[in-house]
Amino acid sequence: MLKTQNLHFTTKLLNKLSPIREYPLTIVEAPMGYGKTTAIRHFHKATDDQVLWLKIYDDSIDSFWDSFARLLGELKEEIYYELSSLGFPDDSVSMREVLRLLNNLKFSTKYFLVLDDYHLLKSPEVDLFLTMLIENKIENLHIVLITRYTSFEKMEELSLKGQLYHLTREAFELREKDITEYYQECSVTISQEQARMLHSMTEGWISALYLMLLNFIEDGILKPTDSIYKLIEKTVYKALTSKQQDFITRMSVFNHFSLRLAAFIWGKPDTAAMLDSIVRQNAFIAYDQQSKTYQIHSLFRNYLQEKLEEDGQQEILTQKAAAWYLEQGEYTIARQFLYACGDFEQILNSIEEEKARLFTRQNMATLRHYLDECPEEIRSRHHYALLILCVHFLLHNEFAAFTNTFKEVAANIGSDPSLTDKQRKTLYGEFELIYGVSCFNNLNEMAAHFEKSRQLLTGSTSIYDLKSDWTHGSLSVLYLYHRESGKLLDNIHTLKIGLPCYESLTKGNGRGGSEMMAAEYHYNQGDFLSAEVALNKALHKAQPSDQWGIVLAARFLQMRIDWMKGDFPHIFHLQSLMQEEMASRIDYHYLHNLELCQMYFYAQCDQKYKIPESLARPERGEIRLLHASFAMFNIIYGRVLLINEHYTKLIGSGDYFLETAGFYPNMLGVIYTHLYLAAGNAKLDRPAQALESLKKALDIAMPDGLYMPFAENSDYLRPILKKLAAQGIYKTELRNILALSKTYQNAREKLKTKYFPEDKQSLTDREKEIALLAAQGLTNKAIADKLFISANTVKSALKSVYSKLSINNRTLLKQHFEKINITSEV
């Protein structure tokens, strides 16, 4: 009896597969049809290993990340929501969070994350993400990449470190003896000469050998063919009934498909039976038990798609596929099918139906492409879709795209004859709301447009995201809306009067914002009691309305007030509280806010070794912030440059800092920049330039009585401040600043003495030995085995190390040793 479904694995291949279990990363590289996927599946079936199989279908990082999150969500449900909320980690801050989440999974046995058809991603970003996972050695997690070709970043470096195992085409090729054995296992006997001829024709390519086997069974002769597709047609396609041919040709529209999807496309009750019969008789169609989906082999699918195009069914089936994904609410995939058949009407309908809270950057690039190609006549009817896109253009700092689309939709609303007066009025109400948001941070203009919107809309907005972050990711409301020297109290009053109108339009978005701005004003004037009262008013309004951006700003201000009060334990409590709140919300939109809080705190305490490398060097492009928060980041980053003694770099960054702060403008950004320039010039013994910069800062800050920026940096500015005071410049104001600076600096010294003493960073010899091994990525058990101690001893020692160094994970531990130039070789 012929056994054409038999799988054949050479001894050579099985031996080559064996080391996979010992390496954190394996790359399996060979052209299409060499049996890579089948071999890896077979290998893992013979072990107790757990396999997480992720099939790649295109170059979309968003699709990859969603699939990755869903896959891990099968192990722990909430991790899907956590990873989805976080988004693809394209910076070190979010990568560290992914590491934390994966380490918390605690893989109890060997798990293999297999990325099949990895070559389709073509993404250096994903390469770097996987490298990060490998280098941080998540216990029991191994990664296998199945690819037709590779240009994996850091491939050579990982190989030299012994972290990468590379399997190539040579491992999968069948030699003459192997071909003979393969055919024999299928109950087909061939001569040595025939085996030699087959090897010459196929170069050991298993797919071609399988097709020629089928051909031999049918014709009784082995002969070459002009095309592999001719063999597929003869041996695979024509072996199916006409009904099966029709069915499988239709399904070739999809990369993979479920039984439900197949039933929807086929539209007949025999779908399950049809699939079962095809899979049983055909090695080119497989069922994946883990994902419950069917997949057609690439060679066969390519052939079927050519048939589909010849038969003229492509567009009809593509439209039906789009309808399926729309019905499932999978809008991104649906739009891909809609675009393939040129249905821009439905693409814009889907945007209006989805009303996504926040499209990813890659989604936005695709949507811009759709919009650019969409005929003007269709765009002119879809006012809501264009307004929704305008909101997202603003969120993604795409101001040119916003301006062009906003002008277009304004003209369209006015000229559309199909609109009733009520519809036109509502659209203009939405238009005015977005117009007001685009006028950020001019409070008077914003308020005027919000009032117009309130008069036009009968209720709240239907297109603007009610849960959007009103603070734009900033830790300070005062920073956002203080735009003109001497007008701060006017700004606070305008916000207090105008914000309720905006709140009514957005069901409470921004509640507590005006109280928060008032609290920061009092703090910067040195009135800490009034600041704390106003801060708590802000919290009472913001928390019930889920305005967590404002809550974070309040927590950040409370930390600064606690500093002046000397309540240091409460500062650390607030830091932990914010982390817990974010984790419970599964809202990683605020991840960088928390990092900036810590960065500010460590910078004020002169703890340069505690600041993550990515935040200390933002020029590497590793900071995810909305445009409105750029200058806020620079306020903190400027202090980091000071404590790292990068004075020339700080002065060289001055123009960029001022340009960034002047974009809206943000006066606090301008004030702090001049302060840092004064401090940097003073350190470089340039007294004239230092005095000039300090005077500029005072001229901008003193009309509003903003003393605390000077007090917070008085460890660098006090001598210059005293010099100016002696000259009688801003006499009263400088007296207030110097008094506040004394309190601030006394608190700084007490905090450093208690929590960051020099001798506290000194580790014992055993602690250092354990810490260096942990920094290499060794697990507690591996360290224990290496040092002949118990795992509990390792755990206790690391707890002490983390406490002494004021860090909480191995990534920061590794960075600590790198920064102080201690080798991790033990």
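Because the structure is predicted, anything quoted here is derived from the model rather than measured. (Residues numbered from 1 in each chain as written. Predicted model: local features only at pLDDT ≥ 70, side-chain atom pairs only at ≥ 80, totals over all residues. Heavy atoms only, no water.)

### Overview of the environment of Ile 643
Along the chain, Ile 643 falls in helix H33 (residues 630-643). By relative accessible area, Ile 643 is classed as buried at 7%. Considered as a pair, Ile 643 and Asn 215 are 428 residues apart in the sequence and their alpha carbons are 75 Å apart. Leaving out residues up to four positions away in the same chain, Ile 643 has contacts with Tyr 602, Ala 603, Asp 606, Gln 607, Lys 608, Ile 611 and Tyr 716. (Helix = DSSP H or I, 4+ residues; strand = E, 2+ residues; numbered from the N terminus. Buried < 20%, exposed > 50% of the residue type's maximum accessible area, 1.4 Å probe, protein only. Contact = heavy atoms within 4.5 Å.)

### What about the side chain of Arg 424?
As for its position among the elements, Arg 424 is in helix H23 (residues 421-438). Of the side chains bearing the opposite charge, Asp 421 lies closest to the buried Arg 424, which forms no salt bridge; the N-O distance is 4.9 Å. Here Arg 424 is in contact with Ile 413, Gly 414, Ser 415, Asp 416 and Leu 419, once residues within four sequence places are set aside. (Lys, Arg positive; Asp, Glu negative; His and termini not counted. Salt bridge = Lys/Arg side-chain N within 4 Å of Asp/Glu carboxyl O.)

### Here's the deal with the confidence of the model for the protein chain
Low pLDDT means the predicted atomic positions in that stretch should not be read closely. Summing up the model confidence of the protein chain, the mean pLDDT is 88 and the portion of residues at 70 or higher is 94%. No element of the protein chain has a lower mean pLDDT than helix H32 (residues 613-616), at 58, and none a higher one than helix H27 (residues 513-524), at 98. (pLDDT = per-residue confidence, 0-100.)

### Things to note about empty space enclosed by the protein
All told, the structure shown has four cavities of 30 Å³ or more when counted by the stated rule. Lining the largest cavity are Ser 476, Glu 520, Asn 524, Phe 556, Arg 560, Tyr 600, Met 632, Ile 635, Ile 636, Leu 668, Tyr 672 and Glu 712. When residues of the lining of the largest cavity are traced back to their parent elements, those giving at least two are H27, helix H29 (548-565), H33 and helix H36 (667-683). (1 Å grid on protein atoms, 1.4 Å probe; cavity = no way out; pocket = protein on both sides within 12 Å on 5 of 7 lines; lining within 4 Å. Points joined across faces, edges and corners; volume = space filled by probe spheres on them.)

### Considering a negative patch on the surface
A surface patch of negative charge is lined by Glu 306, Glu 309, Glu 310 and Asp 311. Take Asp 311: it is sitting in helix H15 (residues 298-311). Since its relative accessible area comes to 47%, Asp 311 is described here as partly exposed. (Patch = residues over 30% accessible without salt bridge, like charges linked within 9 Å, V, L, I, M, F, W, Y side chains within 5 Å. Areas by Shrake-Rupley, 256 points an atom, 1.4 Å probe, with all protein chains shown as cover. Charge placed at Lys NZ, Arg CZ, Asp CG, Glu CD.)

### Focus on the pattern of salt bridges
Close approach of charged atoms allows side chains with opposite charge to pair. Considering all chains together, one arrives at 35 salt bridges under this definition. In this structure, Lys 12 engages Glu 170 in a salt bridge whose closest nitrogen and oxygen atoms are separated by 3.9 Å. Separated by 158 residues along the polypeptide, Lys 12 in helix H1 (residues 11-17) and Glu 170 in the loop between strand S5 (164-167) and helix H8 (176-185) bring together distant segments of the chain. By relative accessible area, which is 25% here, Lys 12 ends up partly exposed. Residue classification places Glu 170 among the partly exposed residues on the basis of a relative accessible area of 35%. Note that Lys 243 and Asp 270 form a salt bridge whose closest N and O atoms lie 2.8 Å from each other. Placement of the pair is Lys 243 in helix H12 (residues 242-251) and Asp 270 in the loop between helix H13 (259-266) and helix H14 (271-281), with a sequence separation of 27 residues. The exposure class of Asp 270 is partly exposed, given its relative accessible area of 23%. Put simply, Asp 606, Arg 639, Asp 715, Arg 748 and Lys 752 are held in one network by salt bridges that share partners.

### Quick look at the sheet that holds strand S4 (residues 141-147)
Pairing is parallel in the open sheet, where five strands are placed in the order S2-S3-S4-S1-S5. Two strands close off the open sheet at either side, each with one partner strand: strand S2 (50-55) and S5. Going from strand to strand, the sheet's axes swing by 15° on average, the running direction of each strand aside. Pairing between strand S1 (residues 25-29) and S4: five bridges, direction parallel. Looking across to S4, one finds that Val 28 is bridged to Ile 146. Against the sheet, helix H3 (residues 61-73) engages S2 and strand S3 (111-116), with an angle of about 155° to S2. (Pairing = 2+ DSSP bridges. Axes fitted to C-alpha atoms, helices over the stretch in contact; angles between N-to-C directions.)

### Some words on a positive patch on the surface
On the surface, Lys 76, Lys 106, Lys 795 and Lys 799 cluster together to form a positively charged patch. Counting through the fold element by element, Lys 795 comes out in helix H43 (residues 791-805).

### Observations concerning the side chain of Arg 96
With respect to the helices, strands and loops of the structure, Arg 96 is situated in helix H5 (residues 92-105). For Arg 96, a relative accessible area of 11% puts it in the buried group. In terms of polar contacts, Arg 96 uses its side chain to reach the side chain of Glu 595, at 3.0 Å. (Polar contact = N/O pair within 3.5 Å; in protein donor to acceptor, adjacent residues only side chain to side chain.)

### Brief notes about the packing of aromatic side chains
Within a pair of aromatic rings, the relevant descriptors are the distance that separates the centres and the angle that separates the planes. All told, the structure shown has 50 aromatic pairs when counted by the stated rule. Both rings, one in Phe 568 and one in Tyr 755, keep their centres 6.4 Å apart while their planes meet at 85°; by these two values the pair is edge-to-face. One end of the pair, Phe 568, is in helix H30 (residues 568-585); the other, Tyr 755, is in helix H40 (residues 731-755), with 187 residues separating them in the sequence. Each of the two residues, Phe 568 as well as Tyr 755, counts as buried. (Phe/Tyr/Trp six-rings, centres within 6.5 Å; stacked < 30°, edge-to-face > 60°.)

### Some words on the nonpolar core
Residues Tyr 183, Phe 300 and Phe 710 are the most contacted members of the largest nonpolar core, which totals 270 residues. Per-element accounting of this core gives the leading share, 12 residues, to H29. Not counting chain neighbours up to four residues away, the residues in contact with Tyr 183 comprise Val 188, Ile 190, Leu 198, Leu 209, Met 212, Leu 213 and Leu 222. Grouped together as the second largest cluster of nonpolar side chains are 21 residues, Leu 763, Leu 772, Ala 775 and Leu 813 included. (Core = buried A, V, L, I, M, F, W, Y, C linked by side-chain atoms within 4.5 Å.)

### Description of the pairing of strand S7 (residues 293-296)
Side chains on a regular strand alternate between the two faces of the sheet. Pairing of strand S6 (residues 285-288) with S7, which is carried by four bridges, proceeds in the antiparallel orientation. Bridging from a neighbouring strand, Ile 285 pairs with Ile 296 of S7. From the end of S6 to the start of S7, which pair antiparallel, there are four residues, and Lys 292 there has a positive phi angle of about 55°.

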